[in-house]
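Chain by chain, the residues:
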Amino acid sequence: MEKLIYEGKSKSIYSGNTPNTLRVHYKNTLTAFDGKKTASKQGKGALNAETSHLIYDYLSNHGIKTHLVEKIDEVNFIVKECQVIPIEIIARNIAAGSFSKKYGIPEGIPLKNVSLEFSLKSDELGDPMINSSQILAIGTATEEELKFMEKTTLKINELLIDLFKKAKITLVDFKLEFGRHNGEIILCDEISGDSCRLWDIETGKKLDKDVFRRDLGDVLKGYAEVLERLKKII
Ligand code: UDP
């Protein structure tokens, strides 16, 4: 019997029918600003599930270890059960969002190197930014794990820049999460328009969740556009 073990903002997680696996159900909910803005949009779960699946396949074909086992229908994945490391890693190629606001760098300015930042995953604390010394101090991850996650995030960034470039999309920034599984660190959670900033390479048009955050139009149009372009090149 399956059991709901976690109800997230955009996904529900069930204990799997087979040992050491979980079922991840992609919901139609969109949230922003720590859940203060929410909406439900028909078809959103399926768009993100398919996008994330394509990207995960691409990454695993390029040597990245991930939690994905299989996609069982348009909104459900089976994944390896892992111990999620409660850190979000954000990689940025171009200034945008909170980075622009915090450091006064106008949105759209290319960064001189990839900026990596961490937040502690905690709804009660509002996912505070945390540095590597603080992560080690509180024991959220070991130095070796942190180094591995940084190195892997940079590799994923290069792979995703290449992939999106072929789809005529600029990868501005994105967020990753990792988990421990059988003594290894593997990539978990989704990669989609919910977790990346994606701009049309020619027009700069936003094709990601900023359309929802900033009330710029129909967010799912951008998500569908990204998926269609990826399907043509993967
Ligand atoms: N991001 C995410 N989940 C979070 C916070 C950020 O997926 O809880 C993604 C976000 O979509 C963007 C990148 O990480 O692609 C950087 O987000 P930023 O720090 O600029 O925050 P925001 O402007 O979304 O508050």
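Cut-offs used in this document
- Residues numbered from 1 in each chain as written.
- Predicted model: local features only at pLDDT ≥ 70, side-chain atom pairs only at ≥ 80, totals over all residues.
- Heavy atoms only, no water.
- Helix = DSSP H or I, 4+ residues; strand = E, 2+ residues; numbered from the N terminus.
- Rg over C-alpha atoms; globule rule 2.2 N^0.38 Å.
- Buried < 20%, exposed > 50% of the residue type's maximum accessible area, 1.4 Å probe, protein only.
- Areas by Shrake-Rupley, 256 points an atom, 1.4 Å probe, with all protein chains shown as cover.
- Lys, Arg positive; Asp, Glu negative; His and termini not counted.
- Charge placed at Lys NZ, Arg CZ, Asp CG, Glu CD.
- Pairing = 2+ DSSP bridges.
- Expected span 1.5 Å × (residues − 1).
- Salt bridge = Lys/Arg side-chain N within 4 Å of Asp/Glu carboxyl O.

Visitor: Any chance you could explain the overall build of the protein chain here in plain terms?
Guide: A count of helices and strands for the protein chain gives six helices and 14 strands. Taking 17 Å as the expected radius of gyration for a compact globule of 234 residues, we find that the protein chain reaches 17 Å, a close match to that expectation. In terms of principal-axis extent, the alpha carbons of the protein chain reach across some 50 × 40 × 35 Å. Within the protein chain, buried positions represent 50% of all 234 residues. When the accessible surface of the protein chain is totalled, it reaches about 11900 Å², and 52% of it is carbon and sulfur. Counting 35 positive and 35 negative side-chain charges, the protein chain places the centres of these two groups 3 Å from one another.

Visitor: Just to check I follow, could you spell out the pairing of strand E12 (residues 169–181) for this structure?
Guide: Side chains on a regular strand alternate between the two faces of the sheet. Burial runs high along E12: 11 of the 13 residues are buried. Summarising the sheet, strand E8 (residues 83–84) and E12 pair through two bridges and their orientation is antiparallel. Paired with Val-84 across the bridge in E12 is Gly-179. Relative to E12, strand E9 (residues 87–94) runs antiparallel, the two being bridged by four bridges. By the bridge assignment, Ile-90 is partnered in E12 with Lys-175. Judged from the five bridges that link them, E12 and strand E14 (residues 196–200) form a sheet pairing that is antiparallel. Bridge pairing links Leu-171 to Leu-198 in E14. With five bridges joining them, E12 and strand E13 (residues 184–188) adopt antiparallel strand pairing. Each bridged residue has a counterpart across the sheet, and for Glu-177 the counterpart in E13 is Cys-188. Between the end of E12 and the start of E13, which pair antiparallel, lie two residues, with Asn-182 showing a positive phi angle near 45°.

Visitor: Teacher, can you tell me more about helix H4 (residues 143–166) here?
Guide: Because an α-helix packs 3.6 residues into every turn, residues spaced three or four apart end up facing the same way. Taking 1.5 Å of rise per residue, the 24 residues of H4 would be expected to cover 34 Å, and the 35 Å separating its terminal C-alpha atoms lies within 8% of that figure. Turning to H4, its buried residues are Glu-145, Leu-146, Met-149, Thr-152, Thr-153, Ile-156, Asn-157, Leu-159, Leu-160, Leu-163 and Phe-164. Positioned one or two residues after H4, Lys-168 has a phi angle of 60°, which is positive.

Visitor: Explanation requested: the pattern of salt bridges in the structure shown.
Guide: Enumeration according to the criterion identifies 25 salt bridges in this entry. In this structure, the salt-bridge partner of Arg-197 is Asp-173, at a minimum N-O distance of 2.9 Å. With Arg-197 in strand E14 and Asp-173 in strand E12, the pair connects residues that are 24 residues apart, well separated along the chain. In this structure, Glu-177 engages Lys-175 in a salt bridge whose closest nitrogen and oxygen atoms are separated by 2.8 Å. By relative accessible area, which is 6% here, Glu-177 ends up buried. Its relative accessible area of 16% is what places Lys-175 among the buried residues. When salt bridges that share partners are traced, they join Arg-92, Glu-107, Glu-117, Asp-173, Arg-197, Lys-206, Asp-210, Arg-213 and Arg-214 into one network.

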